[in-house]
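# Coordinate analysis (summary)
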Amino acid sequence: IKGLYLNTSSRYAGLFGQIQTSGVVKNFYLTDSLIQSTSSDVGSVAGVSYGTVDTVYSNATIIAQAYRSGGIVGHVPWHNTTAYINNCWFDGSVTSTRSVADNIIGGLVGRVRGGTNEITNCLNSGNVTAKNTSASAVYTGGLIGVIESSATLELKTSLNIGMIGFKEGSSS
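Procedures and definitions
- Residues numbered from 1 in each chain as written.
- Predicted model: local features only at pLDDT ≥ 70, side-chain atom pairs only at ≥ 80, totals over all residues.
- Heavy atoms only, no water.
- Pairing = 2+ DSSP bridges.
- Helix = DSSP H or I, 4+ residues; strand = E, 2+ residues; numbered from the N terminus.
- Phe/Tyr/Trp six-rings, centres within 6.5 Å; stacked < 30°, edge-to-face > 60°.
- Buried < 20%, exposed > 50% of the residue type's maximum accessible area, 1.4 Å probe, protein only.

What follows concerns the sheet that holds strand S13 (residues 102–106). Taking strand neighbours across the sheet as the criterion, the four strands line up as S5-S9-S13-S18 in an open arrangement whose pairing is parallel. Where the open sheet ends on each side, the last strands, each with one partner, are strand S5 (42–43) and strand S18 (137–141). Relative to S18, S13 runs parallel, the two sharing five bridges. Bridging from a neighbouring strand, Ile-104 pairs with Tyr-139 of S18.

Here the focus is the packing of aromatic side chains. Going through the model one piece at a time under the given rule, you end up with two aromatic pairs. Ring centres of Tyr-29 and Tyr-57 lie 5.7 Å apart, and the angle between their planes is 55°; this geometry places the pair in the tilted category. Here the residue Tyr-29 occupies a position in strand S3 (residues 24–30), and Tyr-57 occupies one in strand S7 (residues 52–58), the gap between them amounting to 28 residues. The class of Tyr-57 is buried, set by a relative accessible area of 15%. By the ring-pair criterion, three or more aromatic residues cluster together here, those being Tyr-29, Tyr-57 and Trp-89.

The following block contains the structure:
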């Protein structure tokens, strides 16, 4: 898939808004794409995932004012489910310009909130940058922005080699 352009103010932004519990998304490249959102839960593949993402490459550019943004998936929510992210490579950029409340961004996943989850054989070589002026807290990670205490995450053979940054005093 080449040249996806998404500019939205709706929640759950990505190639797929949500991947449900039994949903499986696999075996594709997402290249030369731009995803912009002013709402929460933004990822190049899915805004929210309860299911499986397997064997996906993305070099998308993500620019979000969102609460939870990730290179592959924005948010793995609070549910008694198991989300799987396997054999994925993110080589784009995730930039959050959120300037209020928490700012959570990650190279693969922004926030893992609950459930039992697995990330296996994944790589982030993309840039992750938080740009903001007044957020109360900024959580920025090469692989994951935040793993909540209510979540279980098994992280296997995954690596971040991308740049992680914070730029204070700018919202653009």
